[in-house]
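Coordinate inspection notes
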Amino acid sequence: GQTVQLKTLDDAGKADKTAENVRTLIERDNVVAIFAGIEGGPCTRSLKVAAELKTPFIACMTGSHEMREPFDAHVFTVRAPHFAEYEKIIDMAVSYGYTKFAFLQSDSDNGRKHLANVNRLLPARKLPSAKPLVMATGVKADALAKELLASDAQVMFNHGSYDLYADIILQARKAAPTKVNFFAVNSGIAQMA
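Residues numbered from 1 in each chain as written. Predicted model: local features only at pLDDT ≥ 70, side-chain atom pairs only at ≥ 80, totals over all residues. Heavy atoms only, no water.

Let us look at helix H6 (residues 162-175). If you check H6, its first and last C-alpha atoms are 20 Å apart, about what 14 residues at 1.5 Å a residue would give, namely 20 Å. Of the residues making up H6, those classed as buried are Tyr162, Leu164, Tyr165, Ile168, Ile169 and Ala172. Projection of H6 onto a plane perpendicular to its axis shows the buried side chains occupying an angular sector of 155 degrees, all on one side. Summarising the geometry of H6, the exposed residues directed more than 90 degrees from the buried face are Asp163, Leu170 and Lys174. (Helix = DSSP H or I, 4+ residues; strand = E, 2+ residues; numbered from the N terminus. Expected span 1.5 Å × (residues − 1). Buried < 20%, exposed > 50% of the residue type's maximum accessible area, 1.4 Å probe, protein only. Arc of directions from axis to C-beta.)

In structure tokens:
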């Protein structure tokens, strides 16, 4: 019977600021739930604060495993985990007859975990490991596009920066318009299209 009041704070896409905002909304404004934002870093940092303060944390748009493991009764996810998304991308590509993959990953422990998950899925389908393309500091899209085109990958998909991924797609398409097919995980599909 109560009216819903929406309160918002800008996090500027920064994980630390997101967590600070969640703490402020819960402690200062006494909110009864947090409807969260987008991306793994801000979501997982916010989740820790919401769980600590035992406040429901709802609908953060990330496939990060930290949103599910360990289980927390205060967390309500709305997006499939990355592992499930990768599995569907691989199966879809295989249904088109593609068998060689490249994976664009961030140069971080998280990026390496995602590559490991992709490479856990491929052998189960009797497919070779994915060619890793690493978004290291200072790396340029044209260099990654050349590396991709020099590989035998038929399909590339990603975890990480959509700006860089879009640039890689544009560079690869200029050089070889039909050599590689590009897929994207859920949170970046609109941007990729």
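Moving on, we get to the pattern of salt bridges. Evaluated as defined, the whole model comprises 11 salt bridges. The residue Asp29 makes a salt bridge to Arg28 at a minimum N-O spacing of 2.7 Å. Among the residues examined, Arg28 registers a relative accessible area of 55% and is labelled exposed. A salt bridge links Arg112 to Asp107, with the nearest nitrogen and oxygen atoms 3.2 Å apart. A relative accessible area of 44% places Asp107 in the partly exposed class. Within this structure, Arg23, Glu27 and Glu52 form a network of salt bridges that share partners. (Salt bridge = Lys/Arg side-chain N within 4 Å of Asp/Glu carboxyl O.)

The next thing to look at is the sheet that holds strand E5 (residues 131-135). Within a beta sheet, neighbouring strands are joined by backbone hydrogen bonds and run either parallel or antiparallel to one another. Reading across the sheet, the 4 strands line up as E5-E4-E6-E7 and stay open at both edges, with parallel pairing between neighbours. Every interior strand has two partners, whereas the edge strands, E5 and strand E7 (181-182), have only one. Looking at chain direction, strand E6 (residues 155-158) and E7 are connected through 2 bridges and run parallel. Note on E7: the bridge partner recorded for Met156 is Phe182. Against the sheet, helix H4 (residues 109-124) contacts strand E4 (101-106), E5 and E6, and its axis sits at roughly 160 degrees relative to E4. Against the sheet, helix H5 (residues 141-150) touches E4, E5, E6 and E7, its axis set at about 175 degrees to E5. (Pairing = 2+ DSSP bridges. Contact = heavy atoms within 4.5 Å. Axes fitted to C-alpha atoms, helices over the stretch in contact; angles between N-to-C directions.)

The subject of this paragraph is the side chain of His159. Structurally, the position occupied by His159 is in the loop between E6 and H6. A polar contact of 3.2 Å, which involves the side chain of His159, links it to the side chain of His114. For His159, the residues in contact, after removing those within four places along its chain, are His82, Tyr86, Phe103, Leu104, Gln105, Ser106, Asn110, His114 and Met135. (Polar contact = N/O pair within 3.5 Å; in protein donor to acceptor, adjacent residues only side chain to side chain.)

By secondary structure assignment, the location of Ser106 is in strand E4. A relative accessible area of 17% places Ser106 in the buried class. A distance of 3.0 Å separates a polar atom in the side chain of Ser106 from a polar atom in the side chain of Ser108. Residues within four places of Ser106 in sequence aside, it is in contact with Gly111, Arg112, Met135 and His159.

Right, let's talk about the sheet that holds strand E1 (residues 34-35) for a bit. Overall, parallel pairing links the 3 strands, which are arranged E1-E2-E3 in an open sheet. With partners counted over all chains shown, the strands left at the sheet margins are E1 and strand E3 (75-76), one partner each.

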